[in-house]
Amino acid sequence: MATTTTWESLIERIVNNLWPGRFPLKITATGGSGTTFVASTAAYSSASANAYDAVYIFILDTTDDLAPKGEFGQVTSAGFTAASGTWALGSTLTAIASGDVGLFLYGLHPNELLDAANDIQRTLYLPRYTIMSPITDGDMEATGTTSWADVGTCTQTKSTTASEVLTGTQSLKLVITAGITNGVTSDPLPVQDSENILVSVAFKTATTLGSLSVQLYDVTNAAAIQTVTPTNTRLPAWAECRFEKAVPSGCQQIAIRLLNSSATDEATVYVDWVAAYRTEESTYNLPTAVLDATDAAIMFLPLGFSTDDSYVYNASLNFEAWPSEPLRDLRALNSQRIVVGRPIQYPLFLKYRTTGSVMSALTSTTEAPVEMILHGALSICLNKLADRTGDMATKADLVRRAVAAFAVYQHLLDAAGLLRPRVVSSRRERVNVPW
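The notes below deal with the structure included here.

Here is what the cut-offs are and how they apply
- Residues numbered from 1 in each chain as written.
- Predicted model: local features only at pLDDT ≥ 70, side-chain atom pairs only at ≥ 80, totals over all residues.
- Heavy atoms only, no water.
- Helix = DSSP H or I, 4+ residues; strand = E, 2+ residues; numbered from the N terminus.
- Rg over C-alpha atoms; globule rule 2.2 N^0.38 Å.
- Contact = heavy atoms within 4.5 Å.
- Areas by Shrake-Rupley, 256 points an atom, 1.4 Å probe, with all protein chains shown as cover.
- Lys, Arg positive; Asp, Glu negative; His and termini not counted.
- Charge placed at Lys NZ, Arg CZ, Asp CG, Glu CD.
- Axes fitted to C-alpha atoms, helices over the stretch in contact; angles between N-to-C directions.
- Parallel < 35°, antiparallel > 145°, perpendicular 65-115°, else oblique.
- Left-handed = near helix turned anticlockwise from the far one by under 90°.
- Nonpolar A, V, L, I, M, F, W, Y, C, P; charged D, E, K, R; others polar.
- Polar contact = N/O pair within 3.5 Å; in protein donor to acceptor, adjacent residues only side chain to side chain.
- Phe/Tyr/Trp six-rings, centres within 6.5 Å; stacked < 30°, edge-to-face > 60°.
- Lys NZ or Arg CZ within 6 Å of the ring centre and 35° of its normal.
- Salt bridge = Lys/Arg side-chain N within 4 Å of Asp/Glu carboxyl O.
- Buried < 20%, exposed > 50% of the residue type's maximum accessible area, 1.4 Å probe, protein only.
- Pairing = 2+ DSSP bridges.
- Expected span 1.5 Å × (residues − 1).
- Arc of directions from axis to C-beta.

## Quick notes on the overall build of the chain
No. 1: Tallying secondary structure elements over the chain gives four helices and 28 strands in all.
No. 2: On C-alpha atoms alone, the chain measures out to a radius of gyration of 29 Å, which is more than a quarter above the 22 Å that the 2.2 N^0.38 rule sets for 435 residues.
No. 3: Dimensions along the principal axes, computed over C-alpha positions, put the chain at roughly 90 × 80 × 35 Å.
No. 4: Partitioning the contacts of the chain with sequence separation of at least 6, the portion at a separation of at least 24 is 75%.
No. 5: Here the chain has roughly 21100 Å² of accessible surface; of this, 51% comes from carbon and sulfur atoms.
No. 6: Averaging the locations of the 30 positively and 41 negatively charged side chains of the chain gives two centres separated by 8 Å.

## Some words on the packing of helix H2 (residues 110–123) against helix H3 (residues 370–387)
No. 1: Here H2 crosses H3 at 130 degrees, and the two axes come no closer than 8 Å. In terms of orientation, H2 and H3 fall into the oblique class. Along this stretch, H2 crosses H3, giving a crossing that reads as right-handed. Packed against H2, whose contacting residues are Glu112, Leu113, Ala116, Ala117, Asp119, Ile120 and Gln121, the element H3 presents Met372, Ile373, Gly376, Ala377, Ile380, Cys381 and Lys384 at the interface.
No. 2: Taken together, the residues that form the contact of H2 with H3 break down as nine nonpolar, two polar and three charged.

## A few points about the side chain of Thr167
No. 1: Its location among the elements puts Thr167 in the loop between strand E11 (154–159) and strand E12 (171–176).
No. 2: At 2.4 Å, the side chain of Thr167 forms a polar contact with the side chain of Asp272.
No. 3: Excluding residues within four positions of it along the chain, Thr167 makes contact with Tyr129, Glu141, Asp272, Trp273 and Leu317.

## As for the packing of aromatic side chains
Two aromatic rings are characterised by how far apart their centres lie and by the angle between their planes.
No. 1: Applying the stated criterion to the full structure yields 17 aromatic pairs.
No. 2: Arranged with centres 5.5 Å apart and planes meeting at 65 degrees, the rings of Tyr129 and Phe319 form a pair that is edge-to-face. A residue pair is termed long-range when its members are at least 10 positions apart, and Tyr129 in strand E9 (residues 125–131) and Phe319 in the loop between strand E23 (312–314) and strand E24 (320–321) qualify at 190 residues.
No. 3: Both rings, one in Phe300 and one in Tyr346, keep their centres 4.6 Å apart while their planes meet at 40 degrees; by these two values the pair is tilted. Remark: Tyr346 occurs in the loop between strand E26 (336–340) and strand E27 (348–355) and Phe300 occurs in strand E22 (residues 297–300); sequence separation between them is 46 residues.
No. 4: Chaining the aromatic ring pairs together yields one cluster made of Phe37, Tyr52, Phe80, Trp87 and Phe104.
No. 5: Here the basic side chain of Arg22 rests over the ring of Tyr106, its NZ or CZ set 3.9 Å away from the ring centre.
No. 6: Sitting over the face of the ring of Tyr217, Arg257 holds its NZ or CZ atom 3.6 Å from the ring centroid.

## Section: the pattern of salt bridges
No. 1: All chains considered together, the criterion is met by 15 salt bridges.
No. 2: A salt bridge links Asp65 to Lys69; its shortest N-O distance comes to 2.9 Å.
No. 3: Where Asp397 meets Arg400, a salt bridge forms, and the shortest distance between an N and an O atom there is 2.6 Å. Linking Asp397 with Arg400, this pair stays in helix H4 (residues 392–416), spanning three residues, or about one helical turn.
No. 4: Ionic contacts of the salt-bridge type, sharing partners, join the residues Glu8, Asp61, Asp65 and Lys69 into one network.

## Here we look at the pairing of strand E15 (residues 196–205)
No. 1: Counting buried positions over the 10 residues of E15 gives nine, a clear majority of the element.
No. 2: With eight bridges joining them, E15 and strand E18 (residues 239–246) adopt antiparallel strand pairing. From the neighbouring strand, Ile197 faces E18, where its bridge partner is Lys245.
No. 3: The pairing of E15 with strand E20 (residues 267–278) spans nine bridges and is antiparallel. If you follow Ser200 over to E20, its bridge partner there is Ala275.

## What about the sheet that holds strand E7 (residues 86–89)?
No. 1: Pairing is antiparallel in the open sheet, where seven strands are placed in the order E2-E8-E5-E6-E7-E4-E3. Strands at the two margins of the open sheet, each flanked by one partner only, are strand E2 (26–28) and strand E3 (31–32).

## Let's talk about helix H1 (residues 7–18)
No. 1: Under the 1.5 Å per step criterion, the end-to-end length of H1 is 16 Å for 12 residues, consistent within 8% with the ideal 16 Å.
No. 2: Looking at H1, one finds that the buried residues are Trp7, Leu10, Ile11, Ile14, Val15 and Leu18. Relative to the axis of H1, the buried residues are bounded by an arc of 135 degrees and lie together on one face.
No. 3: Those residues of H1 that are buried lie in contact with strand E1 (5–6), strand E5 (56–61), strand E8 (101–105), H2, H3 and H4.

## Quick notes on the sheet that holds E24
No. 1: Taken together, the four strands give an open sheet; going across it, the order is E9-E27-E22-E24, and neighbouring strands pair in antiparallel fashion. The strands lining the two open edges of the sheet, one partner per strand, are E9 and E24.
No. 2: By the bridge criterion, four bridges tie E22 to E27 in an arrangement that is antiparallel. Residue pairing across strands places Met299 opposite Phe349, the latter belonging to E27.

## Brief notes about the environment of Asn118
No. 1: Along the chain, Asn118 falls in helix H2.
No. 2: For Asn118, a relative accessible area of 4% puts it in the buried group.
No. 3: Filtering out sequence-adjacent residues up to four positions away, Asn118 remains in contact with Val358 and Met359.

In structure tokens form, the structure reads like this:
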């Protein structure tokens, strides 16, 4: 299962580490409005009305998980009423209610904390591997299912449940109406007649009845080229359908169809990847996530153990290296390409590193190690606070803490190997060796 951390939990940890000993840092409201935050537990008659001037109150959570969750307001000048524990806010939020939770930020805007975390996220080179598929959305990572059109009657969605995904972050979930002509089709792929096509589809079924037939389809002539139908009606573990077939004469486009194998039973199937390779094609455009082709490597997937059905195997991820050569032309429209060894006899996977995606909402997640993001963001935020204080003792303490946080961040970064890899070419020379 993927280990991810939400911005909601990360911002709370950043706040707790930025201002240890300050009160309050996190407090539950007992009431409020669009312009007030009330916490009767914070009532203290001796507190100054100016004690919280310009402090930001960030609404971390609400009883219904709706607004004002994620909203924030700044305490006005002399805006604290000590007797009731009420803070007056200079901006209007969705009405704050009892049970809502606020984070208090002393000297930093909430967006500055988010920007600091994202500045770290952008510089991490996180490892990835994915199927190299000429089929549009063959790795199932696209949002939505627009590349998988209905054939007959079928309901398709993307699944992010860990038990329903083999590689990447999601799979294609198909609920296929009974009937061997029902299912989905990929977008067409241009081909030349007589060339060989290698097909690979990873899937598993979720029902006791009905399974998946994989069909290589001649779009030009509206005819099946080859259909693989498992006789085992249920494959609850991940399986791979793999076969090679020549393109018939006159065929200019092919597609992969995923159909119900049963004429009488509905089938629920999860599909992790769909690939169709022109076995003599050697050059592939790399996905935009690959920033530098020299950081990428190609792996191939040997066949898993055979099942009772021809062309159906147990799916494995036992990758081995496949010869490849990066091509870069930063002026070209397709600037990052890779040349692979041919003929292609196995499904190919791309192993690469890419920067983390930025977070924006409380539900945004990072798959990077949370301690790494935490200490990197702390270093940035502490330096910002140091720049804004005129008290030299406070400034020195903030700088000391920033240096310590950065040292922890660098140690974690080095230990995890998430800095951008350096590619070093060595020059070979012939040397005369005396006899």
